[in-house]
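Structural features, examined
The lines below spell out each chain.
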Amino acid sequence: MTSANSSNILSSTFYLTGIPGYEEFHHWISIPFCLLYLVGIMGNCTILHIVRTDPRLHQPMYYFLAMLSLTDMGMSLPTMISLFRVLWSISREIQFNTCVVQMFFIHTFSFTESSVLLAMALDRYVAICHPLRYATILTPTLITKIGIAALLRSAFAMIPLLARLAFFPFCHSHILSHSYCLHQDMIRLACADTKFNVIYGLVLITLLWGMDSLGIFVSYVFILHSVLKISSQEGRFKALNTCGSHICAVLILYVPMIGLSIVHRFAKHSSPLIHIFMAHIYLLVPPVLNPIIYSVKTKQIRQGILNLLFPLRISSSMM
């Protein structure tokens, strides 16, 4: 009876990994991570605050930008506590249920961010190709429905994948490769047939990311076709300039995402540092860079930040 209880406890406890080989420097390594998380949280909260409080930004483009900030935070925040618990030598242990919940939020918001980027591409398509119908097509009600549908689609798609983990025995190693839980990392430790999870995961990535990326590509084909019809070069540049921030956001999400998938599928025996480096880029770079890119390249967001930082100076200069 005692051995059975200890076996159950063991099978429900996993151990997170920091930076292998650099354990004595974990406290120093935590400093740049802390700064990155701080920049990401402050940047996304600033954008959310500006969009909420500035009536001039109550437009479809900025509503979608607020959704992007929410998904960025939803993707990175679940990893923060467990990462710093490892780097600050508080605890490497994580219970199975906690691990699955963390996994659910990471993957769900990752897929949701891809859907939001597709919605932003459609927003740019309507704004450039059908400017006179922009306000009537992208109504607040439709935008709300798009956001809810994107979240529900991603959440429901993850349930069958994560539910099967409860039936897997983990009878060998319980050491995960990262300082947080990823599905592709956990099924590697299962002592069971994981064919369904592997195939379902590949199908899920192909369908969700594939459909979203295809939709983004098709939207930009129509956008370019419409832009090339503009006679003036200045008009073409102005139209394309409104898409610059979105294109950067797409690359920031998809390039690390594809890189991490390739590393997990085809470079299983490579250095653990490569896996850890790619995973941190995948989860930290979009939340940090997206607010910076939109703040630099979007005049209205930049003006909102200036109003937030220097309200008296801005108001006096306008009088």
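Residues numbered from 1 in each chain as written. Predicted model: local features only at pLDDT ≥ 70, side-chain atom pairs only at ≥ 80, totals over all residues. Heavy atoms only, no water.

Cut-off, in case you're wondering: UniProt positions are given in the numbering used here, feature names are shortened, and annotations may be inferred rather than shown by experiment.
Looking at an unreviewed UniProt entry, the protein carries the name Olfactory receptor, with the source organism given as Muntiacus muntjak. Here is the UniProt Sequence similarities (unreviewed entry) comment for the protein, exactly as written: "Belongs to the G-protein coupled receptor 1 family." Taken directly from UniProt, the Function (unreviewed entry) text for the protein runs: "Putative odorant or sperm cell receptor."

**So, the state of the cysteines**
Stated formally: The disulfide definition used here is simple: a pair of cysteine sulfur atoms within 2.5 Å. Here a strand is any run of E in DSSP of at least two residues, a helix any run of H or I of at least four, and the numbering for each starts at the N terminus. Each residue's exposure class comes from its accessible area (1.4 Å probe, protein chains only) as a fraction of the maximum for that residue type: buried when under 20%, exposed when over 50%, partly exposed otherwise.
Overall, the coordinates contain one disulfide when judged by the stated rule. Here Cys99 pairs with Cys181 through a disulfide, and the sulfurs are 1.8 Å apart. Torsion about the S-S bond of the Cys99 and Cys181 cystine: about -115°, corresponding to left-handed handedness. Residue Cys99 is located in helix H4 (residues 96–129), and its partner Cys181 is located in the loop between helix H6 (140–163) and helix H7 (183–186); the two are separated by 82 residues in the primary sequence. On the basis of relative accessibility, which here comes to 0%, the residue Cys99 falls in the buried class. Here Cys45 stays unpaired: no disulfide links it, and the sulfur of Cys34, its closest cysteine neighbor, is 15 Å away. Classification of Cys45 by relative accessible area gives partly exposed; the value is 37%. In this model Cys248 remains outside any disulfide bridge; the closest cysteine sulfur is found in Cys243, 11 Å from its own.

**Here's the deal with the UniProt feature "transmembrane region" (unreviewed entry) in the protein**
Here the UniProt-annotated "transmembrane region" (unreviewed entry) positions come out as residues 28–51, 63–88, 100–122, 134–159, 198–223, 244–267 and 273–293. Structurally, residues 273–293 is divided into 100% helix and 0% strand, and its ends, taken at the C-alpha atoms, are 28 Å apart.

**Brief notes about the side chain of Ser154**
For clarity, the cut-off: Any pair of residues with heavy atoms lying within 4.5 Å of one another is described as a contacting pair.
Structurally, the position occupied by Ser154 is in helix H6. If we skip the residues at most four places from it in the chain, Ser154 touches Thr108, Phe111, Thr112 and Ser115.

**Focus on the pattern of salt bridges**
Selection rule: Any carboxyl oxygen of Asp or Glu that lies within 4 Å of a side-chain nitrogen of Lys or Arg is treated as forming a salt bridge with it.
Evaluation of the coordinates by the stated rule reveals four salt bridges. Residue Arg153 pairs with Asp212 through a salt bridge whose shortest N-O separation is 2.9 Å. Linking Arg153 in helix H6 with Asp212 in helix H8 (residues 195–227), this pair joins segments that are 59 residues apart in sequence. Under the relative-accessibility criterion, Arg153 is labelled partly exposed at 28%. Here Asp185 ties to Arg188 by a salt bridge, and the two come within 2.9 Å at their closest N and O atoms.

**A few points about the packing of aromatic side chains**
Two aromatic rings are characterised by how far apart their centres lie and by the angle between their planes. Filter applied, for reference: Each aromatic pair joins two rings of Phe, Tyr and Trp (for Trp, the six-membered one) with centres within 6.5 Å, and gets the label stacked for planes under 30 degrees apart, edge-to-face for over 60, and tilted for any other angle.
If you walk through the whole model with that rule in mind, you get ten aromatic pairs. Relative to Trp88, the ring of Phe84 has its centre 4.9 Å away and its plane inclined at 25°; by these criteria the two rings are stacked. For Trp88, a relative accessible area of 40% puts it in the partly exposed group. Among the aromatic side chains, those forming a connected cluster through ring pairs are Phe14, Phe96 and Phe170.

**A few points about a nonpolar patch on the surface**
Cut-off, in case you're wondering: Distance thresholds for patches are 9 Å for like charges and 5 Å for nonpolar side chains (Val, Leu, Ile, Met, Phe, Trp, Tyr), applied to residues having over 30% relative accessible area and no salt bridge. Note on areas: these come from Shrake-Rupley sampling with a 1.4 Å probe, and a residue is covered only by the protein chains present in the view.
A contiguous nonpolar surface patch, about 840 Å² in accessible area, is contributed by Tyr22, Phe25, Trp28, Ile31, Leu35, Leu38, Met42 and Leu273. Broken down by element, the nonpolar patch gets its largest block of residues, five residues, from helix H2 (residues 26–53). Turning to its location among the elements, Tyr22 is positioned in the loop between strand S1 (13–15) and H2.

**Let's talk about helix H3 (residues 60–87)**
So the rule is basically this: Expected span of a helix, by definition, is 1.5 Å for each gap between consecutive residues, and there is one gap fewer than residues. Bend at a given residue is defined as the angle between two axes, one fitted to the seven residues that end at that position and one fitted to the seven that begin there.
With 28 residues, H3 ought to run about 40 Å at 1.5 Å a step, and its terminal C-alpha atoms sit 40 Å apart, in line with that. Helix geometry: H3 is bent most strongly at Met80, by close to 30°. Counting buried positions along H3 gives 21 out of 28 residues, so the element sits mostly inside the fold. Where H3 terminates, the next one or two residues include Ser89, which has phi positive at roughly 60°.

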